[in-house]
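# Structure at a glance
For reference, the chains in residue letters:
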Amino acid sequence: MNTEDVLNEFRAAGALREGHFVLSSGLHSPVFLQKNLVFMHADRCERLCKALAEKIVATVGTVDVAISPAVGGIIPGYETARHLKVASLYVEREGGAFKLRRGFQIEPGQKVVMVEDIVTTGLSSRECIAAIKEAGGDVVAAACIVDRSGGRADVGVPLIALATLDVPAYHADELPADLAAIPVQDPGSRRLSK
Ligand SMILES: O=P(O)(O)OC[C@H]1O[C@H](OP(=O)(O)OP(=O)(O)O)[C@H](O)[C@@H]1O
Ligand SMILES: O=C(O)c1cc(=O)[nH]c(=O)[nH]1
Ligand SMILES: [Mg+2]
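Residues numbered from 1 in each chain as written. Chains lettered and ligands numbered in written order. Predicted model: local features only at pLDDT ≥ 70, side-chain atom pairs only at ≥ 80, totals over all residues. Heavy atoms only, no water.

Note the threshold: UniProt positions are given in the numbering used here, feature names are shortened, and annotations may be inferred rather than shown by experiment.
Under an unreviewed UniProt entry, the name given to the protein is Orotate phosphoribosyltransferase, and the organism recorded is Brevundimonas goettingensis. As stated in UniProt under Function (unreviewed entry), the record for the protein gives "Catalyzes the transfer of a ribosyl phosphate group from 5-phosphoribose 1-diphosphate to orotate, leading to the formation of orotidine monophosphate (OMP)." Looking at the Catalytic activity (unreviewed entry) heading of the UniProt record, one finds this comment for the protein: "orotidine 5'-phosphate + diphosphate = orotate + 5-phospho-alpha-D-ribose 1-diphosphate".

This is the structure in structure tokens:
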């Protein structure tokens, strides 16, 4: 599955949104990939995550466990793990920082793939990887459905992306006038009150 095939899944699900969005990183963008509208369809989610699992195995070989950052990473993390035939765990925010909760544990020496939905700056991926390392995991690779950084995001381990896009993202004080004129939407979970 190449980048155009992945984009076609997003387009067909009405998930390739245009407007003015504030992203998890605080950057502003005219494009938002509303991945939940894709993952809500089991057949679309299966096609994408099966292809991602195959790319992970082709790149780093077998792994022992997949771990994702909540909320967006949970469904693709589970589905990718299903195709990898490994357990699926997730980290979630506790006092702002990602932690393994709910009795999830990493066994000593287990090889972990971190599975994310979308990578923009890589901040959420880096935070998730730090939490996995803190819990004793050996993160052999990160994987995502879409890397929208044009391949520039550095998550500290090899990043295996099913699709790579180069989408503009701006600091709030550097907005182009046409973007500034559109009312802003904040669709992610990072700034939700607890
Ligand atoms: O590479 P980054 O700059 O970190 O941006 C990408 C992250 O932003 C979104 O999560 P968000 O924090 O919006 O919450 P969600 O997972 O609940 O959608 C997305 O799911 C990624 O985790
Ligand atoms: O950077 C983000 O927060 C982000 C971008 C995007 O296109 N989709 C998404 O769910 N999050
Ligand atoms: Mg997320």
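### What to know about the sheet that holds strand β4 (residues 87–94)
Filter applied, for reference: Strand pairing is assigned whenever DSSP detects at least two bridges linking the two strands. Starting at the N terminus, helices and strands are each numbered in turn, a helix being any DSSP run of H or I of at least four residues and a strand any DSSP run of E of at least two. Every angle, taken between N-to-C directions, lies between 0 and 180 degrees, and every axis is a line fitted to C-alpha atoms, over only the stretch in contact when it is a helix. Residues are treated as being in contact if the distance between any of their heavy atoms lies within 4.5 Å.
Taken in spatial order, the six strands make up an open sheet running β5-β4-β3-β6-β7-β8, and their pairing is mixed. Two strands lie at the open edges of the sheet, namely β5 (97–100) and β8 (159–164), each paired on one side alone. Strand after strand, the sheet turns through a mean of 25° between neighbouring axes, direction not considered. Across the sheet, helix α1 (residues 3–12) touches β6 (111–119), β7 (138–147) and β8, and the angle it forms with β8 is around 65°.

### Observations regarding the UniProt feature "binding site: orotate" (unreviewed entry) in the protein
So the rule is basically this: Exposure categories follow from relative accessible area, calculated using a 1.4 Å probe and restricted to protein chains: below 20% of the type maximum is buried, above 50% is exposed, and the middle band is partly exposed.
Under the local residue numbering, the UniProt record ascribes the feature "binding site: orotate" (unreviewed entry) to T120 and R148. The greatest C-alpha distance among the annotated residues, which extend across 29 residues, is 5.3 Å, indicating that they converge on a single site. Tracing the sequence through the fold places T120 in the loop between β6 and α5 (123–134). For T120, a relative accessible area of 22% corresponds to the partly exposed category. Excluding residues within four positions of it along the chain, T120 makes contact with L23, R148, S149 and A153. By relative accessible area, which is 3% here, R148 ends up buried. Not counting residues within four places of it along the chain, the set of residues in contact with R148 comprises L23, S29, V31, F32, L33, I118, V119, T120, L165, D166, V167 and P168.

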